[in-house]
Amino acid sequence: MPKAYVFTEYGGPETQTFVDLPRPVPGPGQLLVAVHAAGVNPVDWKVRAGYLREVLPLALPATLGTEVSGVVEEIGDGVEGFSIGDEVFGALPLAGGYAEYALLPTQAAAHKPAAVSFTDAATLSVSAATAHEGIGRLNLKPGATLLVNGAGGGIGVAAVQIARDLGATVIGTAGPGKAEFLSSLGATHVAYGEGVADRVAAVAPNGVDAIFDLVGGDALYAVAHLAADKSRIITAADPTAAAELGGGYFQTEQTGETLSPLAQLVESGALDPHVTNVVPFTEAATALGAVEAGHALGKTVLKMR
């Protein structure tokens, strides 16, 4: 029977385990995908820990993972635009990606260009989609200075590249070990932690034109005053802080229309997902543990096939 990596109850990594599950049957509007790769994201462990249980109610045990790439094996009723054998990628509404087979809603699926690898495609539905929408909301002009708060993870890496290609000057906060990596992407690295605002001010003495926050909490409050116009602060991490500061909070809606342009950016070379850690499915615990600890550089992907 196909394997899946699940969590049996809300809590820590000790709740995770492999199980055998029947091969899913696609319902109306669904694709049965033989998963080749699954992206590993911070939201995965946050779902497992129960942080999102009020907005993402799950029947337990639940399979981890929210983004996949693979090949269509079966098609549900009412599906148009997809055929058996198509290479696709997309987002799962609640969970289900860390598995040999997944049910992908067609409204959150897109065709994978042949030139884009399964591992790269598996990173686009969450991180790159969030970065693309966030940068789009800021409507950056050439020469604008953008602070990406939490630039070392998957969303930040994509956001830096997209903003850079718009002609923005990008400053990114991240751990000291990610300085060289962010510099290679065209961003000025600033170490986070105590005194971060002073360090940002040292490289942007006139402040910043916008802040794209991926951390929230104290890390956002520490730098928010650097933006003269607080409406130019957006966060994908902390709606409470956004409201208190006068900024905006957003959640990304993944659709075929929003995902296809991301694959085209990768295909053209304009966006590199920077998959730095491809892990066999059998080592899913190690992969998720690295992301949960904040040690992952770039994107981590599970390889099923």
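Quick note: structure is the one above.
Quick look at the structure, then. (Residues numbered from 1 in each chain as written. Predicted model: local features only at pLDDT ≥ 70, side-chain atom pairs only at ≥ 80, totals over all residues. Heavy atoms only, no water.)

Once that is clear, we can look at the packing of aromatic side chains. Under the defined criterion, the tally for this structure stands at five aromatic pairs. Summarising the aromatic geometry, the rings of Tyr5 and Phe18 are spaced 4.6 Å apart at their centres and angled 50° between planes, so their arrangement reads as tilted. With Tyr5 in strand 1 (residues 3–7) and Phe18 in strand 2 (residues 16–20), the pair connects residues that are 13 residues apart, well separated along the chain. Using a relative accessible area of 4% as the deciding quantity, one classes Tyr5 as buried. Ring geometry for Phe7 versus Tyr10: centroids 5.7 Å apart, planes at 50°, classification tilted. Accessibility expressed as a relative area gives 0% for Phe7, which makes it buried. Cluster of aromatic residues (ring-pair linked, three or more members): Tyr5, Phe18 and Phe281. Positioned over the ring face of Phe118 is Lys112, at 4.5 Å from the centre of the ring. (Phe/Tyr/Trp six-rings, centres within 6.5 Å; stacked < 30°, edge-to-face > 60°. Helix = DSSP H or I, 4+ residues; strand = E, 2+ residues; numbered from the N terminus. Buried < 20%, exposed > 50% of the residue type's maximum accessible area, 1.4 Å probe, protein only. Lys NZ or Arg CZ within 6 Å of the ring centre and 35° of its normal.)

Right, let's get into the packing of helix 1 (residues 42–49) against helix 10 (residues 284–292). Direction vectors running N to C along helix 1 and helix 10 enclose 95°, while the axes themselves pass 8 Å from each other. Regarding the angle of helix 1 to helix 10, the classification is roughly perpendicular. Every residue of helix 10 that contacts helix 1 at Pro42, Asp44, Trp45 and Arg48 is listed here: Leu288, Val291 and Glu292. Of the residues that constitute the contact of helix 1 with helix 10, the class distribution is four nonpolar, no polar and three charged. (Axes fitted to C-alpha atoms, helices over the stretch in contact; angles between N-to-C directions. Parallel < 35°, antiparallel > 145°, perpendicular 65-115°, else oblique. Contact = heavy atoms within 4.5 Å. Nonpolar A, V, L, I, M, F, W, Y, C, P; charged D, E, K, R; others polar.)

The next thing to look at is the side chain of Asn41. Take Asn41: it is sitting in the loop between strand 3 (30–40) and helix 1. Residue Asn41 is classed as buried on the basis of its relative accessible area, which comes to 2%. A distance of 3.2 Å separates the side chain of Asn41 from the side chain of Ser127, its partner in a polar contact. Here the side chain of Asn41 touches Lys299 through a polar contact of 2.5 Å, side chain to side chain. Non-local contacts of Asn41, meaning those with residues more than four positions away in its chain, are made with Thr66, Glu67, Tyr98, Val126, Ser127, Leu288, Val291 and Lys299. (Polar contact = N/O pair within 3.5 Å; in protein donor to acceptor, adjacent residues only side chain to side chain.)

As a further point, take helix 10. Turning to helix 10, its buried residues are Ala284, Ala287, Leu288 and Val291. Looking down the long axis of helix 10, one finds its buried residues gathered within 90° of arc, a one-sided arrangement. Immediately beyond the C-terminal end of helix 10, within one or two residues, lies Gly294, with a positive phi of roughly 80°. (Arc of directions from axis to C-beta.)

With that settled, consider unusual backbone geometry. Cis geometry is adopted by the peptide bond preceding Pro61, which originates at Leu60 and carries an omega value of 0°. Here Pro61 shows up in the loop between helix 1 and strand 4 (62–63). Of note in this structure, Asn139 is not a glycine but carries a positive phi near 50°. Along the chain, the position of Asn139 falls in the loop between helix 3 (124–138) and strand 9 (145–149). The class for Asn139 is partly exposed, based on a relative accessible area of 48%. Positive phi, normally seen in glycine, also occurs at His274, with a value near 55°. For His274, the location among the structural elements is in the loop between helix 9 (256–268) and strand 15 (275–280). Judged by its relative accessible area of 18%, His274 falls in the buried class.

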